[in-house]
Amino acid sequence: MRVIILNGGSSSGKSSIARCLQELLPQPWLHLGADTMVDALPPSLRDGGAGIGGLTDGDGTVEVGPVFAELDAAWTVGVAAMARAGARIVVDEVFLGTTASQARWRAALAGLDVLWVGVRCDPAVAAAREAARGDRVAGMAAAQAEAVHEGVVYDLVVDSARATAAECARTIAARAAAPGG
């Protein structure tokens, strides 16, 4: 197994699960994801327009512009290149484009051993986490909770509203260690 993709909405627990996976899995795994990519952007691309909008204000809807889309595509290919070079990577991602997002990742990761994991979380639970975090726009978690999963195909689905991050990580790690991954 070279790559574990965790897809879920904002505040669904992906980053917490990824950190638990890093502790559980026997080899070193890098944790990269949507927040890593957004944090690497220049500030001018975090306010909408050609970049990505809705991260700091609005109704929780995230808008992706053409420059962000281009950089995001390059990011995906770069993560895949790291895996091909020998890194093991847990990607925590938000498939805003649902099936198109998964298709882009599948194309970039072609030929690699990948475990596709859906991280589901009840919208009300995700919204409560979002409010407690204080670093997300209100409404983002509820808007993304189900939408990011529409049409996406997984090898495994975990529910972070019904299990702790550590429990979800143990389930994922067991699947990753199983014959056939």
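Before reading further, recall that the structure is shown in the block above.
Residues numbered from 1 in each chain as written. Predicted model: local features only at pLDDT ≥ 70, side-chain atom pairs only at ≥ 80, totals over all residues. Heavy atoms only, no water.

1. Observations regarding the nonpolar core
- In this structure, Ile5, Trp105, Leu109 and Trp116 are the most contacted members of the largest nonpolar core, which totals 28 residues.
- For this core, the element with the highest residue contribution is helix H3 (residues 66–84), accounting for five residues.
- Core analysis: the second largest hydrophobic core is formed by 18 residues, Trp29, Leu115, Ala169 and Ile172 among them. (Core = buried A, V, L, I, M, F, W, Y, C linked by side-chain atoms within 4.5 Å. Buried < 20%, exposed > 50% of the residue type's maximum accessible area, 1.4 Å probe, protein only. Helix = DSSP H or I, 4+ residues; strand = E, 2+ residues; numbered from the N terminus.)

2. Examining the pattern of salt bridges
- Across all of its chains, the model carries three salt bridges by this definition.
- Notably, a salt bridge pairs arginine 120 with glutamate 146, separated by 2.9 Å at the nearest N-O pair. Pair noted here: arginine 120 is in strand S6 (residues 114–120) and glutamate 146 is in the loop between helix H6 (140–144) and strand S7 (156–159), with a separation of 26 residues, a long-range link.
- By relative accessible area, arginine 120 is classed as partly exposed at 28%. (Salt bridge = Lys/Arg side-chain N within 4 Å of Asp/Glu carboxyl O.)

3. Points about unusual backbone geometry
- With a phi close to 65 degrees, serine 11 is a non-glycine residue in the positive phi region.
- Within the secondary structure, serine 11 sits in the loop between strand S1 (3–7) and helix H1 (14–24).
- For serine 11, a relative accessible area of 6% gives the class buried.
- Positive phi, close to 45 degrees, is recorded for threonine 98, a residue that is not glycine.
- By the secondary structure assignment, threonine 98 is in the loop between strand S5 (89–93) and helix H4 (99–108).

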